[in-house]
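Coordinate analysis (summary)
This is what each chain is made of:
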Amino acid sequence: MTEIEVPGPEPDWQPATQPSYYTGKNPAYQYSVWEHSAPLFQMIGVLALPVQPVAQRLRLHVERSWDGLDDLDVVLFRLKGFSFAISKHDGNPVGVSYVWLTQPHEQADKALDTLLEAVGIGEDAVAFRGDAHEDPAERTATAQDAGSPDEVSGVTLPTSLWARFRRAIGMTQ
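Conventions used here
Residues numbered from 1 in each chain as written. Predicted model: local features only at pLDDT ≥ 70, side-chain atom pairs only at ≥ 80, totals over all residues. Heavy atoms only, no water. Salt bridge = Lys/Arg side-chain N within 4 Å of Asp/Glu carboxyl O. Axes fitted to C-alpha atoms, helices over the stretch in contact; angles between N-to-C directions. Helix = DSSP H or I, 4+ residues; strand = E, 2+ residues; numbered from the N terminus. Parallel < 35°, antiparallel > 145°, perpendicular 65-115°, else oblique. Contact = heavy atoms within 4.5 Å. Nonpolar A, V, L, I, M, F, W, Y, C, P; charged D, E, K, R; others polar. Buried < 20%, exposed > 50% of the residue type's maximum accessible area, 1.4 Å probe, protein only. Pairing = 2+ DSSP bridges. Core = buried A, V, L, I, M, F, W, Y, C linked by side-chain atoms within 4.5 Å.

Comments concerning the pattern of salt bridges
- Overall, the coordinates contain five salt bridges when judged by the stated rule.
- Across the salt bridge formed by Glu123 and Arg129, the nearest N and O atoms sit 2.9 Å from each other.

Set out below in structure tokens:
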């Protein structure tokens, strides 16, 4: 059988992992497994700790991946009937990781509680429950027309979910 030789890339082609935005010459755009899968996931919370300690506790292998935003660490696993992903982009705040269900589930709080129990950590490790990317106005109805879900009569409630989330990711109030 004769050997087939594939030519190298054209000199003006950008790497396929960089979005071309219709300016690049490379006809291919490569996307990661994470980039392909993550839009299907349901965010259920944010932990005030990185991915690695959780992975070590459960003896999981942390995968290094990337997407159109940044490089990231991620673990995907099943635990007591729930399918989880825990991720941390390099560009996100240090010391927090996002918890996802890889299949939407009506019992998201139960899933997060199941994870906390298996890892052996308490509620204090949860910076936020729910989807941090949702519009807070849709999640939280305030008693008065306040400027943010944390404000009622101009007072910031330090125990609100959004206040805890902002503290966990290093944002000041």
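Digging into the packing of helix α2 (residues 51-58) against helix α3 (residues 108-119)
- At a minimum axis separation of 9 Å, α2 and α3 run at an interaxial angle of 70 degrees. Classed by the angle they form, the pair α2 and α3 counts as roughly perpendicular. Of the residues in α3, those touching α2 at Val54, Arg57 and Leu58 are Leu115, Ala118 and Val119.
- Class assignment for the residues of the contact of α2 with α3 results in five nonpolar, no polar and one charged.

Focus on the pairing of strand β5 (residues 97-101)
- Across the five residues of β5, five count as buried, placing the element largely inside the fold.
- Residues Ser97, Val99 and Leu101 point to one face of β5 and Tyr98 and Trp100 to the other, with burial holding for every one of them.
- Of the strand pairs in this sheet, strand β1 (residues 42-47) and β5 are connected by five bridges, and their pairing is antiparallel. Following the sheet pairing, Val46 is matched in β5 by Tyr98.
- Two elements, strand β4 (residues 82-89) and β5, share four bridges in a ladder whose sense is antiparallel.

Some details on the environment of Val126
- Examined against the element boundaries, Val126 turns out to sit in strand β6 (residues 126-129).
- Expressed as a C-alpha distance, the spacing of Val126 and Gly45, which sit 81 residues apart in the sequence, is 7.2 Å.

Here's the deal with the sheet that holds β4
- With antiparallel pairing, the six strands of this open sheet are ordered in space as β2-β3-β4-β5-β1-β6. Here the strands that pair on one side only, and so sit at the sheet edges, are β2 (63-66) and β6. Strand-to-strand twist of the sheet, defined as the mean angle between neighbouring strand axes without regard to direction, takes the value 30 degrees.
- Here α2 sits on the sheet in contact with β1, β3 (71-79), β4 and β5, set at roughly 35 degrees to β3.

Considerations on the nonpolar core
- Grouped together as the largest cluster of nonpolar side chains are 23 residues, with contacts concentrated most on Ile44, Leu47, Phe77, Phe84, Ile86, Val99 and Leu115.
- Secondary-structure elements contributing two or more residues to this core are β1, α2, β3, β4, β5 and α3.
- Per-element tally for this core: the top contributor is α3, with seven residues.
- Within the second largest apolar cluster, 13 residues are counted, among which are Ala38, Met43, Val46 and Ala85.

Describing unusual backbone geometry
- Non-glycine residue Arg59 carries a positive phi angle of around 55 degrees.
- Within the fold, Arg59 resides in the loop between α2 and β2.
- The exposed category is assigned to Arg59, whose relative accessible area is 81%.
- Unusually for a residue other than glycine, Lys80 sits at a positive phi of about 50 degrees.
- If you trace the backbone, Lys80 turns up in the loop between β3 and β4.

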